[in-house]
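What follows is each chain in one-letter form.
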Amino acid sequence: MNVLLLCTACGRRLSDPLRLLPELPARPEHEGRKNADGSRRAPSTVPRGTYSVDPEPSGAPFVVHPDPEWAGAAIPEVSMSDPDGDGFLMSAGPRNTLVVHHEDTVGFLAPNPALEEIGCCGPPGLEGPNWVCPGCGAQVATLFADCSGPFETHFLPDAVRVTAV
């Protein structure tokens, strides 16, 4: 069954038609080399026309992991060291974000005017929701678009409504 993602606050459409995957696929491997189009972005975790629920925390805020030896990913495929001490940061962001291929959101979202994230190849998604609903300005999603991780959009679960097409 195809669905659309709609803004909970105002009902505006935020995506192309999507089909739910039964589980989040494994994160794609990416060695950082140039793609055929010249970009260095890693592929999205989900293919175009689909979405999945990520049960793990996603994005900001980031907190120090309690195990100083831990060196896992704070955001998909990216480890971040603690700038104020030893150890690494981990995501304490929302769980159950809806992961969508970025191209399924083109033209439906607007950049968050309160953020100016700069990454190597695009916004890294470190500051929190960097996309808003163009209809009402509600923060709805985080685009992870730096070359260090999958190029995808994570919708906040409470900011969107899934509606059958």
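Residues numbered from 1 in each chain as written. Predicted model: local features only at pLDDT ≥ 70, side-chain atom pairs only at ≥ 80, totals over all residues. Heavy atoms only, no water.

Chemist: When you look at the overall build of the chain in this model, what are you seeing that I'm missing?
Modeler: For the chain, the helix and strand inventory stands at 0 helices and 12 strands. Reading the secondary structure of the chain in the N-to-C direction produces β-β-β-β-β-β-β-β-β-β-β-β. Taking 165 residues into account, the globule formula puts the C-alpha radius of gyration at 15 Å, and the chain, at 16 Å, falls close to it. In terms of overall dimensions, the chain has C-alpha extents of about 50 × 35 × 30 Å along its principal axes. (Helix = DSSP H or I, 4+ residues; strand = E, 2+ residues; numbered from the N terminus. Rg over C-alpha atoms; globule rule 2.2 N^0.38 Å.)

Chemist: Could you clarify how one ought to interpret the sheet that holds strand β1 (residues 2-7) in this entry?
Modeler: Think of a sheet as strands paired side by side through backbone hydrogen bonds, with each pair either parallel or antiparallel. With mixed pairing, the 9 strands of this open sheet are ordered in space as β8-β9-β10-β11-β7-β3-β2-β1-β12. At either end of the open sheet lies a strand with only one pairing partner, and these are β8 (110-111) and β12 (160-164). Where strand β2 (residues 18-20) and strand β3 (residues 50-54) come together, 2 bridges link them in parallel fashion. Note that in β3 the partner of Arg19 across the bridge is Thr50. (Pairing = 2+ DSSP bridges.)

Chemist: Help me out: how do you make sense of the environment of Leu89 in this one?
Modeler: By the secondary structure assignment, Leu89 is in strand β6 (residues 88-91). Separated by 28 residues in the primary sequence, Leu89 and Pro61 place their C-alpha atoms 9.6 Å from one another. What Leu89 contacts, discounting residues up to four positions off in sequence, is Phe62, Val63, Val64, Trp70, Ala74, Met80, Ser81, Asp82 and Pro83. (Contact = heavy atoms within 4.5 Å.)

Chemist: Would you mind going over the side chain of Thr153 with me for this structure?
Modeler: Positionally, Thr153 belongs in strand β11 (residues 152-155). Not counting residues within four places of it along the chain, the set of residues in contact with Thr153 comprises Leu98, Val99, Val100, His102, Thr105, Leu109, Ala141, Thr142 and Leu143.

Chemist: Is there a simple way to explain unusual backbone geometry in this structure?
Modeler: Glycine aside, negative phi is the norm for most residues, and most peptide bonds take the trans geometry. The linkage connecting Ala60 with the following residue, Pro61, adopts the cis geometry, with an omega of 0°. With respect to the helices, strands and loops of the structure, Pro61 is situated in the loop between β3 and β4 (62-64). For Asn96, which is not glycine, the phi dihedral falls at a positive 65°.

Chemist: Before we go on, may I ask you to explain the environment of Ala164 in this structure?
Modeler: Assignment of secondary structure puts Ala164 in strand β12. Residues Ala164 and Val3, spaced 161 residues apart in sequence, show a C-alpha to C-alpha distance of 4.2 Å.

Chemist: Where do I start with the side chain of Glu117 in this structure?
Modeler: Mapped onto the elements, Glu117 comes out in the loop between β8 and β9 (131-132). Overall, the relative accessible area of 16% leaves Glu117 in the buried class. Among the polar contacts listed, one links the side chain of Glu117 to the backbone nitrogen of Gly125, at a separation of 3.2 Å. In terms of polar contacts, Glu117 uses its side chain to reach the side chain of Asn130, at 2.9 Å. With near-sequence residues (within four places) excluded, Glu117 lies in contact with Pro123, Pro124, Gly125, Leu126, Glu127 and Asn130. (Buried < 20%, exposed > 50% of the residue type's maximum accessible area, 1.4 Å probe, protein only. Polar contact = N/O pair within 3.5 Å; in protein donor to acceptor, adjacent residues only side chain to side chain.)

Chemist: Hey, could you run me through the sheet that holds β6 in this one?
Modeler: Strands sit in the order β4-β6-β5 across an open sheet of 3 strands; the sheet is antiparallel. Each edge of the open sheet carries a strand with a single partner, namely β4 and β5 (80-81). As defined by bridge partners, β4 adjoins β6 across 3 bridges and the pair is classed as antiparallel. Considered in β6, the bridge of Phe62 is made with Ser91.

Chemist: Can you help me understand the pattern of salt bridges in this one?
Modeler: It is possible for side chains of opposite charge to pair when their charged atoms get near one another. Considering all chains together, one arrives at 5 salt bridges under this definition. Ionic pairing is found between Arg27 and Asp54, a salt bridge with its closest N-O pair at 2.9 Å. You can see Arg27 sitting in the loop between β2 and β3 and its partner Asp54 sitting in strand β3, a full 27 residues away along the chain. Note on Arg27: relative accessible area 22%, which makes it partly exposed. (Salt bridge = Lys/Arg side-chain N within 4 Å of Asp/Glu carboxyl O.)

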